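Spelled out from the first residue to the last, the chains are:
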Amino acid sequence: MKFKSGFVTVIGRPNVGKSTLLNKIIGEKISIISDKAQTTRNKIKMIYTDDDSQIIFLDTPGVQMPKNALGEYMLKVSKSTLEDVDLITMLVDAGEAFGKLDSYILDALKDLNTPKILLINKIDIAEDDISELVERYESLGIFKKIIPISALESTNLEKYIEEIKDILPEGPIYFPDDMITDQPERSIIQELIREKVLLNMQDEIPHGIAVEVESIKKRENRDLLDIHAVIYVEKKSHKPMVIGKGGKMIQRIGSESRNDIERLMDTKVNLQLWVKISKDWRSKEERVKSFGYK
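Asker: Sorry, what's going on with the environment of S283 here?
Answerer: Here S283 shows up in the loop between β9 (268–277) and α9 (285–290). Classification of S283 by relative accessible area gives exposed; the value is 53%. Each C-alpha atom of the pair S283 and E234 lies 10.0 Å from the other, and the pair is 49 residues apart in sequence.

Asker: Which parts of the structure should I look at to understand the environment of I173?
Answerer: Looking at the secondary structure, you find I173 in the loop between α5 (157–167) and α6 (185–200). Those residues in contact with I173 that lie beyond four places of it in its chain are F3 and Q54.

Asker: Even after reading the chapter, I still don't get the pairing of strand β2 (residues 44–50), so can you show me in this structure?
Answerer: A regular strand carries its side chains on alternate faces of the sheet. For β2 and strand β3 (residues 53–59), the ladder comprises 7 bridges, and the chain directions are antiparallel. Bridging from a neighbouring strand, I44 pairs with D59 of β3. Taking the residues between adjacent antiparallel strands as the criterion, β2 and β3 are bridged by 2 residues.

Asker: Honestly, the packing of aromatic side chains in this entry has me stumped. Any pointers?
Answerer: Per the stated rule, a full pass over the model turns up 4 aromatic pairs. Here the aromatic rings of F98 and Y137 are separated by 5.9 Å at their centres, their planes lie at 55°, and the arrangement is tilted. A residue pair is termed long-range when its members are at least 10 positions apart, and F98 in the loop between β4 (87–93) and α3 (100–109) and Y137 in helix α4 (residues 131–138) qualify at 39 residues. Y137 gets classed as buried once you look at its relative accessible area, which sits at 2%. Over the face of the ring belonging to F98 we find R136, whose NZ or CZ atom lies 3.9 Å from the ring centre.

Asker: Teacher, can you tell me more about α6 here?
Answerer: Residues spaced three or four apart along an α-helix face the same direction, because each turn holds 3.6 residues. Compared with an ideal rise of 1.5 Å per residue, which puts 16 residues at 22 Å, α6 spans 23 Å between its outermost C-alpha atoms and is within 8% of the ideal. Burial analysis of α6 places 12 of its 16 residues in the buried class, the great majority of the element.

Asker: Looking at this structure, how should I read the sheet that holds strand β1 (residues 4–11)?
Answerer: Working definition: the strands of a sheet are paired by backbone hydrogen bonds and lie parallel or antiparallel to each other. Reading across from one edge, β2-β3-β1-β4-β5-β6 is the order of the 6 strands in this open sheet, with mixed pairing throughout. Single-partner strands in this sheet number two, and they are β2 and β6 (145–148). Averaged over all pairs of adjacent strands, the angle between their axes in this sheet comes to 25°, without regard to strand direction. With 6 bridges connecting them, β4 and strand β5 (residues 116–121) associate as parallel partners. Across the sheet, the residue bridging to I88 is K116, located in β5. The sheet strands contacting α3 are β1, β4 and β5, and the helix crosses β4 at an angle near 165°.

Asker: Whenever I open this one, the sheet that holds strand β7 (residues 210–218) confuses me. Can you help?
Answerer: Read across the sheet, 3 strands follow the order β7-β8-β9 without closing on themselves; strand pairing throughout is mixed. Two strands bound the open sheet, and with one partner strand each, they are β7 and β9. Direction aside, the axes of adjacent strands within the sheet are offset by 20° on average. Where α6 meets the sheet, its contacts fall on β7, β8 (224–233) and β9, and the angle it forms with β7 comes to roughly 130°. Strands in contact with helix α8 (residues 248–265) are β8 and β9; relative to β9, the strand with the most contacts, it is inclined by about 135°.

What counts as what
Residues numbered from 1 in each chain as written. Predicted model: local features only at pLDDT ≥ 70, side-chain atom pairs only at ≥ 80, totals over all residues. Heavy atoms only, no water. Helix = DSSP H or I, 4+ residues; strand = E, 2+ residues; numbered from the N terminus. Buried < 20%, exposed > 50% of the residue type's maximum accessible area, 1.4 Å probe, protein only. Contact = heavy atoms within 4.5 Å. Pairing = 2+ DSSP bridges. Phe/Tyr/Trp six-rings, centres within 6.5 Å; stacked < 30°, edge-to-face > 60°. Lys NZ or Arg CZ within 6 Å of the ring centre and 35° of its normal. Expected span 1.5 Å × (residues − 1). Axes fitted to C-alpha atoms, helices over the stretch in contact; angles between N-to-C directions.

Below, the structure written as structure tokens:
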């Protein structure tokens, strides 16, 4: 049996379901999910291995026009993943009208010789027939395959994997077969906490949130991890909002984060959260880098 392996980047505008798709394929929650832009900020390798293949997926930030140093970094990350990969997957939302960002992505793809697959996601909730959308993308002559899917319901994900295997070259196992991501545990924990802020808060505050895990220590003689983390906000007025009246918001964020971290680490967790101010950090390149976006 020929063993196939290679690198597949997944690109699209914000909120099309890239992280949901890859979490479903991998079977673990590695990339965080919310309905807000800027959910994924870094390039994350997620590794799928079965008997005859190893597929290294690159989850990327949603493509959007940058407004600050963080946005510049995220766009650079997304565009960089188009280089030196074996396959490019573009993900679009079946319920969203074709827009400027789609055109921007397609312009970046059309002159690349790398094979491309288009996934039309969220067919489980699309109100309109998607045949016109399929025809529109087929007429471009860019994509080797166009597959309607539902990442949430796992519809046609096996078909997508088989199409990837058909395209990938024969190759080695790049990572151990039980490894599912290149992200250190500390980074995943930071992202899980940030996800809970995104899910529980509204408006501009989540975009100005950064999380830094300061320490992870195993309690002596106990199956328990002590984790200390800081949630950074950009404005003084945001700090009491994250803490909430009587500390209720930060308690909810902490409780929901702890549940996910315990599943990830397979142990009990004592999570301590603090909220601090780092004024306008997204506009300061050095501060953006200090939070791991480099």
